[in-house]
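Survey of secondary and tertiary structure
Chain residues, written in single-letter form:
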Amino acid sequence: MCVTPRRGACAAVCPYVPVLLVTALSSCVLALADPGLPQEVASDPTGASTDAPAPQPPEPPPDEASATAEEAPVKSTVVRGALPARSASEVTLGRDILDAAPRRNAVDLLRAVPGLVASQHSGEGKAQQLFLRGFDALHGQDVELNVGGLPVNEVSHIHALGYADVNFVIPEVVQSLDVTEGSYRASQGDFAVAGTVRMDLGVEEPGVHLIGTLGQYGQRRLVATVRPGEDAGTFAAVELGEGKGFGAQRSYGRASLLAQATASLGGGLTVRALGGSYVTRFDSPGVVREDDLLAGRDTFFSAPLGRQGGSVSRHQLLLGVDLPRTGTGRTKLEVFGILSDLRLRNNFTGFRVDERGDGLEQTNDGMTLGARAEHRRTVFIAGRPVALELGLGARRDSVEQAQRRYRESDGTFFSDEIDARFTQTDVWGWTEARMPLGRWSLRLGGRADALGVEVFDALAFRDPRYYDGQGYARSAFGVHLGAKAGIEYALGDDADAWRLFASYGDGFRSPQARSLSEGERAPFVSIRGAEVGSRKDGEHWAVQLSLFGSQVDNDFFFDHTVGTTVYTGETLRSGLSAALQARPLPGLVTSVSATLAHAYVRASNTLLPYFAPLVARADVGWDGQPPWAWGSTLSLGTGLTFIGPRPLPFDERSATVFLADAHVAIRRGELGLRLEVSNLLDARWRDGEFVYSSRFDPGAPASLVPARHFTAGSPRMASLSLEVHL
Amino acid sequence: MMKRRHILTGALALAAASTALGGCGSESQRRTFPVEVTSTPMTGANERGWTVTVESAHLSVGPVRFFEGRALQARRFDWYTLIGGTAHAHPGHYSPGDALGELLSTQTVDLLTGATLGDASAVTGEYGSLELTLPAPTTSTDAQGVLSGHAMRVRGTARNADGGEVRFDAMASLARPIEGVRFEKSLGMEPGRVRIAVNLGTWLGRIDFATATDPDADGVYTFPADSQAQNALARGVEDTTAYVVTWVEGAAQ
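A word on the overall build of chain A
Regarding its fold elements, chain A presents 7 helices and 38 strands. Split into buried and exposed, the 726 residues of chain A put 60% on the buried side. In chain A, the share of contacts with a sequence separation of at least 24, taken over all contacts with a separation of at least 6, comes to 67%.

Structural notes on the overall build of chain B
Regarding its fold elements, chain B presents 3 helices and 14 strands. The long-range share in chain B, meaning contacts at least 24 apart out of those at least 6 apart in sequence, stands at 80%. Accessible surface for chain B amounts to roughly 13,000 Å². Of this, 52% is attributable to carbon and sulfur atoms.

Some points on the pattern of salt bridges
Where charged atoms from two side chains of opposite charge come close, those side chains can pair. What the rule picks out here adds up to 66 salt bridges over all chains. Among the salt bridges present, the one from R95 of chain A reaches D99 of chain A, with a minimum N-O distance of 2.8 Å. Given a relative accessible area of 10%, R95 of chain A falls into the buried group. A salt bridge links R155 of chain B to D169 of chain B; the nearest nitrogen and oxygen atoms lie 3.0 Å apart. Taken together, the residues R155 of chain B in strand 8 (residues 152-160) and D169 of chain B in strand 9 (residues 165-172) connect sequence positions 14 residues apart. A single salt-bridge network, built from bridges that share partners, covers E90, R185, E374, R376, E389, E432 and R443 of chain A.

Digging into helix 3 (residues 228-238) of chain B
Residue and element names in this part refer to chain B. Within helix 3, burial applies to A229, Q230, A232, L233, G236 and V237. Each buried residue of helix 3 lies within a common arc of 165° when the element is viewed along its axis, so the set occupies one face. Here the buried face of helix 3 lies against strand 8, strand 9, strand 10 (178-187), helix 2 (200-204) and strand 14 (243-249).

Describing the nonpolar core
The biggest cluster of nonpolar side chains holds 78 residues, and the ones touching the most others in it are F33, F66, F168, I196, W203 and Y243 of chain B. A total of 5 residues in this core trace back to one element, the largest contributor, which is strand 2 (residues 50-61) of chain B. By size, the runner-up hydrophobic cluster in this structure holds 60 residues, among which are L109, V173, V179 and Y278 of chain A.

Digging into the pairing of strand 17 (residues 309-322) of chain A
Residue and element names in this part refer to chain A. Strand 17 sits mainly inside the fold: 10 of its 14 residues count as buried. Relative to strand 17, strand 15 (residues 269-283) is paired through 14 bridges, and the arrangement is antiparallel. Looking across to strand 17, one finds that A273 is bridged to L319. In terms of strand pairing, strand 17 meets strand 18 (residues 330-346) through 14 bridges, oriented antiparallel. Residue pairing across strands places V312 opposite L342, the latter belonging to strand 18.

Quick word on the packing of aromatic side chains
Residue and element names in this part refer to chain B. With the rule as written, the count across this model stands at 16 aromatic pairs over all chains. Between Y127 and F183, the ring centres sit 6.0 Å apart and the planes meet at 80°, which makes this aromatic pair edge-to-face. In this pair, Y127 is assigned in strand 7 (residues 125-132) and F183 in strand 10, connecting sequence segments 56 residues apart. The burial state of Y127 is the same as that of F183; both residues are buried.

A closer look at the side chain of K332 of chain A
Residues and elements named next belong to chain A. The topology assignment puts K332 in strand 18. Given a relative accessible area of 11%, K332 falls into the buried group. For K332, the side chain forms a polar contact with the side chain of D322, separated by 2.9 Å.

Structural notes on the environment of E238 of chain B
All names here are of chain B. Tracing the backbone shows E238 in helix 3. Note on E238: relative accessible area 45%, which makes it partly exposed. For the pair E238 and R159, spaced 79 residues apart in the sequence, the C-alpha separation amounts to 24 Å. Contacts of E238, omitting those with residues within four sequence positions, involve L174 and I178.

Topic: the confidence of the model for chain A
On average, residues of chain A carry a pLDDT of 86, and 87% of them reach 70 or more. Considering only residues more than four positions removed or in separate chains, one finds that residues 1-82 of chain A, a stretch of pLDDT under 50, has 158 contacts.

Regarding the confidence of the model for chain B
Residue and element names in this part refer to chain B. Summarising the model, chain B shows a mean pLDDT of 83, and 79% of its residues fall at 70 or more. The model gives residues 11-21 a pLDDT under 50, and that stretch makes 14 contacts with residues more than four places away or in other chains. Taken together, the stretch residues 74-91 has pLDDT below 50 and engages in 6 contacts with residues farther than four places along the chain or on a different chain. The ipTM value of the predicted complex is 0.74, and its pTM value is 0.82.

Structural notes on the sheet that holds strand 2 (residues 117-119) of chain A
All names here are of chain A. Taken in spatial order, the 3 strands line up as 2-3-4 in an open sheet, and their pairing is antiparallel. Only two strands of the sheet have a single neighbouring strand rather than two, namely strand 2 and strand 4 (135-136). Pairing analysis gives 2 bridges linking strand 3 (residues 129-132) to strand 4, with the strands arranged antiparallel. Along strand 4, the bridge assignment pairs L132 with F135.

Focus on the sheet that holds strand 3 (residues 64-67) of chain B
All names here are of chain B. The strand order across the open sheet built from 8 strands is 10-7-3-4-6-1-11-14, with neighbouring strands paired in mixed fashion. Looking at strand neighbours, the two that pair on one side only are strand 10 and strand 14, the edges of this open sheet. Taken over all neighbouring pairs, the strand axes of this sheet differ in orientation by 25° on average, direction set aside.

A closer look at unusual backbone geometry
Look at the link from G62 of chain B to P63 of chain B: it is a cis peptide, with omega at 0°. The residue P63 of chain B is located in the loop between strand 2 and strand 3 in this model. Here S156 of chain A, not a glycine, exhibits a phi torsion of approximately 45°, which is positive. The residue S156 of chain A is located in the loop between strand 7 (153-154) and strand 8 (163-164) in this model.

Topic: the pairing of strand 1 (residues 91-94) of chain A
Residue and element names in this part refer to chain A. Here strand 1 shows a buried face lined by V91 and L93 and a second buried face lined by T92 and G94. Sheet topology note: the strand 1/strand 9 (residues 174-181) ladder contains 4 bridges and is antiparallel. Each bridged residue has a counterpart across the sheet, and for V91 the counterpart in strand 9 is V179.

Re a nonpolar patch on the surface
All names here are of chain A. On the surface, a nonpolar cluster with roughly 640 Å² of combined accessible area is contributed by L636, V664, I666, L671, L673, L675, L720 and L722. Where the nonpolar patch is concerned, the elements lending two or more residues are strand 34 (657-668), strand 35 (671-678) and strand 38 (717-725). Broken down by element, the residue count for the nonpolar patch peaks at 3 residues, all from strand 35. Looking at the secondary structure, you find I666 in strand 34.

Describing the environment of F710 of chain A
Take F710 of chain A: it is sitting in strand 37 (residues 707-712). Those residues in contact with F710 of chain A that sit more than four places away from it in its chain are G286, V287, V288, E290, L293, F300, R686, G688 and E689 of chain A.

Quick look at the environment of S302 of chain A
All names here are of chain A. By secondary structure assignment, the location of S302 is in the loop between helix 7 (290-294) and strand 17. Of the residues examined, S302 reaches a relative accessible area of 14% and is grouped as buried. Sequence spacing of S302 and V724 is 422 residues, and the spatial spacing of their C-alpha atoms is 38 Å. Once residues lying within four places of it in the same chain are set aside, the contact partners of S302 are R250, P285 and V288. A distance of 2.7 Å separates a polar atom in the side chain of S302 from the backbone nitrogen of T299.

Cut-offs and rules
- Residues numbered from 1 in each chain as written.
- Chains lettered and ligands numbered in written order.
- Predicted model: local features only at pLDDT ≥ 70, side-chain atom pairs only at ≥ 80, totals over all residues.
- Heavy atoms only, no water.
- Helix = DSSP H or I, 4+ residues; strand = E, 2+ residues; numbered from the N terminus.
- Buried < 20%, exposed > 50% of the residue type's maximum accessible area, 1.4 Å probe, protein only.
- Contact = heavy atoms within 4.5 Å.
- Areas by Shrake-Rupley, 256 points an atom, 1.4 Å probe, with all protein chains shown as cover.
- Salt bridge = Lys/Arg side-chain N within 4 Å of Asp/Glu carboxyl O.
- Arc of directions from axis to C-beta.
- Core = buried A, V, L, I, M, F, W, Y, C linked by side-chain atoms within 4.5 Å.
- Pairing = 2+ DSSP bridges.
- Phe/Tyr/Trp six-rings, centres within 6.5 Å; stacked < 30°, edge-to-face > 60°.
- Polar contact = N/O pair within 3.5 Å; in protein donor to acceptor, adjacent residues only side chain to side chain.
- pLDDT = per-residue confidence, 0-100.
- Axes fitted to C-alpha atoms, helices over the stretch in contact; angles between N-to-C directions.
- Patch = residues over 30% accessible without salt bridge, like charges linked within 9 Å, V, L, I, M, F, W, Y side chains within 5 Å.

Take a look at the structure:
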């Protein structure tokens, strides 16, 4: 039931205007795009177009360059792909792996990342809560996310630092996930604490594809993709979806459009445009108290309080150009702009703080403008080739945000808590050099980020007992310097020989702008991370093993459910991750990973709460044409997720989660039929578990002792899709 | 081949060691403990010269909440202040801090026999104070009506040195819970229970029973509203020192 106040008709229509504009733009781009674009141009439409790009190969010596250009990089049986890794845990998940299991939304995509847990605890439209390498990254504060060169993390977001909402991504247009765990590369920027996940966009098959899906709980989804030529990176796609949800307060509706085009203008000049618009409205069920479930006062899928949910829109455009090569040098320039707004209503504590209700409405309207330049070339030092990478960039975010308390009875506001606007500017530069010395390779780099913040806090100093004024403006500035280094040793001369890696990197996270005081040197949270490991990237098999550790001087734990920040002092994390990708037989693909992590507060020698100590994932898919299928192509696949018990406050552990998703599809000519089932075993699993005090019955005495709460994970859900390939 | 195997084995051993070192458990743990309510009798005459024989005493009590914040206490005289030590204008404000335990049920207790309220849901930690809610009873919490709708009721006889004797029936209700009752305890997982002893001497210590002027047919006096006796009774019931909270070791959890 939708109980959130409706916007006016104009407001309801306005979010779609940019969708239409981008549709028109993308249509023009598609019309102009050369359908016969050579495949190697299409192979990397985004290139290194982000401040956190996928690792790039060093510029080969001139005599090797032509051979490299002739490689077929789009879809091959080479596991690692065309981009050699520079640390043990870098991984690329190709489209075949993504196709192995059902991928209906951003959560399904992120689950394929080794060691990453993505929790969708507040409805279909809110950013996922992420856990990686011992970090509880909340909604993105410790994981840098990037889609086709567009940054996703939002600075100083009112709901959570680094808020990264990837729900606008249409799974069908994600060509690969490039994952750089840790922060060992100079190109990794703000929020790359536990790692960076970059989604490269493209459509695998040329032509027009229509996918219509009907499923349980009112699932309805329509996806249309258009790829006009051979270039996988030139496409347009639109997604319309809605559903009633598997319980009360879980309905949603969304529309997303993504379009990208690359074109070679001659003379070695290549341009790329990526645009998109996204809008959603969703309900959120909130949390259920565990003791209410045990006492029968609530059911597993209850939604104790209404009015929760929100709406999101995001509009984005990236324009990039690859300049003509100059010798061994390649230069890329990009500009991007993002408009995003969020309106979110949450009440995690009921009537714990106020008899009228503890509901918070948060709004965050942001505009991001940015530019980056990257240059790669090979230089010679002491007669040895050195692959040099340089990056410069800037990003300016202007944000207006507000937080109000609303009355549970009628939804009206009774208290303004935040009314602020700020600009936050990050100017960065980084460099990284890699020198091969026989079987050894040395990598050295560094990164500097300067952060300037201007804040106007309209509600500051509004206590009439002490001040006769209200509102305060302030500004702050700070610089973060980070070092990156690595050593690599190949155990053989073959390309698929085992390689050993040792990596070091300083990562950082920018602060919440509103927390800064006048003239304060903006305090970055700095992370020192190191990793040793090995990997073998073969034609049909790839294996990775890494031992990682990180240290944070003055970490904090922000409980966003109740909005409190707890500084924990020095924290240490360590762990082990292993990953395997295999394509042993034609049509069979397997990706298996497991990550073991440990995180604790050094001073008290106690575990950090909520992190995921054990995460395992397996994606297994097969497609082929069995003789009994009359020429049809049959696809089978499954995705298995295991999340071990997570530590909670008071020596408690969350419940173990095991999920099995599966699909079976058959395609004959232009038509295909796909059956997908998520949570095949119908496990009653808790997507999120939290410990704090709450009071959901205003007529009962307030319970102040922290109690267990959970958000219910989805039950078994089946859907059937009809696919038309034209 | 052997070399590679050694490297792999070493990495695994290092990983296992790193994950095993440090960070076991959290700082607090959940636990429960019983909470019982009893009373300590009044000894001697009160500050108005009345000696009281209590015949019955009942109290509606609960929820009981335990907090980490310490209760404010009267500061002891410090000779250091005479030679220029730090002067304290006031002792500050009571801040309850985080809740560490709670017992949310309400029960009517016969203070002369005592009763166990139930088990408090709690966590380990540094306890500093508790909050007592003394609500007006309902028909379910006081089925026999011994409290006549009030939070507390004491019946007895007061005598003074002049030969005065007053049979009284005193009742009071509180608008707010009693905050800041002292209970300082570093509580781990050791067995035990919390005992709340109501000091009847403090409850009745300020009352001038001569101001009880409304006898009924049986000659039992009640305290008129706004009388000294009623006000003194209310101040006595509100007095945080009327509740002595102790941890009794050894009870089974």
